[in-house]
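Overview (structure and organization)
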Amino acid sequence: MEKISIEGTPKTPTINFDIAKGFLEIKGRSIPENSIEFYKPLVDWLEKYAANPQSATNVNIQLEYFNTSSSKCILDVFKKLEAINKGGSAVVINWHYEEDDEDMLEAGEDYQAIINVPFKMVQVAE
Amino acid sequence: MMLDTYDFYDKMERNNIMLSFKGDITSELLTCILQIMESKLDNLQEEPKIKKKVYNVLVECLQNLYHHMDEVAPEQNDVLRSAIFMIGKLDNQYNIVTGNCIKKEKVEALKKRLEDINLLSKEELKEYYKAVLNNGEMSFKGGGGLGMIDIARKTGEKLNFNFSPVDDKFSFFSLNIKISQ
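To keep things clear, this report deals only with the structure shown in the data block. (Residues numbered from 1 in each chain as written. Chains lettered and ligands numbered in written order. Predicted model: local features only at pLDDT ≥ 70, side-chain atom pairs only at ≥ 80, totals over all residues.)

**Details of the overall build of chain B**
A count of helical and extended segments in chain B gives six helices and five strands. Ordered by position from N to C terminus, the α and β elements of chain B give α-β-α-α-β-β-α-α-α-β-β. By residue count, 25% of the 181 residues in chain B fall in the buried class. Taking the contacts inside chain B whose residues are at least 6 apart along the sequence as the reference set, 64% of them involve residues at least 24 apart. (Helix = DSSP H or I, 4+ residues; strand = E, 2+ residues; numbered from the N terminus. Buried ≥ 20, exposed ≤ 12 C-beta atoms within 10 Å, placed from the backbone. Contact = placed C-beta atoms within 7 Å.)

Next comes the structure, spelled out in structure tokens:
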């Protein structure tokens, strides 16, 4: 399981996880009715990765929309990353938001306040 | 019974209804409604900021309906699985209306929850959201109780709701959400 990819749909995001590079990317939309089902494999992979992580783990989150059902699952993903960070891999979460999307910036700040991992807020053009 | 079509049309026209639906709320239906609304918002050339807010709130409103359908009548295919949804735009303000049947014994708790949310300031809503996100139990369906808090937070408006009696077992819960520019 060196590389894991899930292609995005109108309701679920694209996920790329390059284990050799310690790079995880979640982008697109995350608005499924049942998010637990969708996020469970990712949480499981992170669990496995945690046993033998790279020295640094870079995470890019670039979501256009996400629903409240996803917000809990994203928190679960971040909690796994928090454990990985504590376990010796330097984790950075790059939270992307579009220029005037204050709601998305605020959502990133909410996670930043809860999760003990360095966050970088990255503004992108629309 | 004869429906007065013009009366329906006239009411919808005066409220500038962009899309409405009554019936069973399925996952496929939600996908369609969201696609239609997204292209309508594009055609209106809304600012990305407004477009995103309307779309986000719409997702939460519709998914609330979807999750409550199963709660009321998991397997039946009858009037209880029927909900109403409307979205319109009047004077630069988007209005989203939803309505669905809920069990009478659930009315008080829901009413209390919504009233509590309505008492909170912007800053308090942010703190409450984070507390529920971090500590709240995820329901099996993945609802998690964040939807209403999120709607109140994103719209910056009080939740406008009403309960109407249906019969001895059910009440009709309606929610009217405003999104101003």
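Now that the structure has been shown, the text picks up again.
**With respect to the interface of chain A and chain B**
If you look at the interface, chain A gives 22 residues, while chain B gives 25 residues. At the level of secondary structure, the elements contributing two or more residues to the side of chain A that touches chain B comprise α1 (35-51), α2 (68-86) and α3 (102-114) of chain A. When residues of the side of chain A that touches chain B are assigned to their parent elements, the largest contribution, five residues, is made by α2(A). Its residues assigned to classes, the side of chain A that touches chain B comprises seven nonpolar, six polar and nine charged. (Nonpolar A, V, L, I, M, F, W, Y, C, P; charged D, E, K, R; others polar.)

**Things to note about the sheet that holds strand β5 (residues 170-180) of chain B**
Residue and element names in this part refer to chain B. Pairing within the open sheet is antiparallel, and its five strands lie in the order β1-β2-β3-β5-β4. Each edge of the sheet is formed by a strand with only one pairing partner; in this case those strands are β1 (17-24) and β4 (160-165). When strand polarity is set aside, the average angle formed by the axes of neighbouring strands in this sheet is 15°. In this sheet, strand β3 (residues 93-103) lies alongside strand β2 (residues 82-90) in antiparallel orientation, the contact comprising eight bridges. Its bridge partner being in β3, I87 is matched across the sheet by I96. (Pairing = 2+ DSSP bridges. Axes fitted to C-alpha atoms, helices over the stretch in contact; angles between N-to-C directions.)

**Description of the sheet that holds strand β5 (residues 90-98) of chain A**
Residue and element names in this part refer to chain A. Overall, mixed pairing links the six strands, which are arranged β1-β2-β3-β4-β5-β6 in an open sheet. Strand pairing shows two members of the sheet lacking a second neighbour, β1 (3-6) and β6 (119-124), which therefore form its edges. The average undirected angle you get between the axes of adjacent strands in this sheet is 10°. Where β1 lies against strand β2 (residues 14-18), four bridges are found, and the strand directions are antiparallel.

**Some details on the nonpolar core**
Ranked by size, the top nonpolar core spans 55 residues in total, and within it V77(A), L81(A), I93(A), V57(B), L58(B), C61(B) and L62(B) carry the most contacts. Counting residues per element, this core draws most heavily on helix α3 (residues 48-72) of chain B, which supplies eight residues. Once residues within four sequence positions are removed from consideration, V57(B) is found in contact with I96(B), I151(B), K154(B), T155(B), I177(B) and I179(B). (Core = buried A, V, L, I, M, F, W, Y, C linked by C-beta atoms within 7 Å.)

**Some thoughts on the environment of P32(A)**
Residues and elements named next belong to chain A. One can find P32 in the loop between β3 (23-30) and α1. Sequence separation of P32 and F17 is 15 residues, and the distance between their C-alpha atoms is 20 Å. Excluding residues within four positions of it along the chain, P32 makes contact with K11, T12 and F38.

**A short note on the packing of helix α5 (residues 122-135) of chain B against helix α6 (residues 147-155) of chain B**
Residues and elements named next belong to chain B. With their axes 10 Å apart at the nearest point, α5 and α6 run at an angle of 150° to one another. By the angle class used here, α5 and α6 are roughly antiparallel. Both α5 and α6 take part in a crossing whose hand is left-handed. Note on element contacts: α6 touches α5 through I149, D150, A152 and R153, opposite L125, K126, Y128, Y129 and V132. Of the residues contributing to the contact of α5 with α6, the split by class is six nonpolar, no polar and three charged. (Parallel < 35°, antiparallel > 145°, perpendicular 65-115°, else oblique. Left-handed = near helix turned anticlockwise from the far one by under 90°.)

**Let's talk about unusual backbone geometry**
Although it is not a glycine, Q45(B) sits at a positive phi angle of roughly 50°. Counting through the fold element by element, Q45(B) comes out in the loop between α2 (27-43) and α3.

**Comments concerning the environment of R81(B)**
All names here are of chain B. Of note, R81 is situated in the loop between α3 and β2. Classification of R81 by C-beta neighbours within 10 Å gives partly exposed; the count is 19. Measuring from C-alpha to C-alpha, the distance between R81 and N100 comes to 8.2 Å, with 19 residues separating the pair along the chain.

**Some thoughts on the environment of V97(B)**
Residue and element names in this part refer to chain B. Tracing the backbone through its elements, the reader meets V97 in strand β3. Exposure remark for V97: the 18 C-beta atoms within 10 Å place this residue in the partly exposed category. The spacing of V97 and I117 is 20 residues in sequence and 18 Å in space, taken between C-alpha atoms. Setting aside chain neighbours within four positions, we find V97 in contact with M86, S174 and N176.

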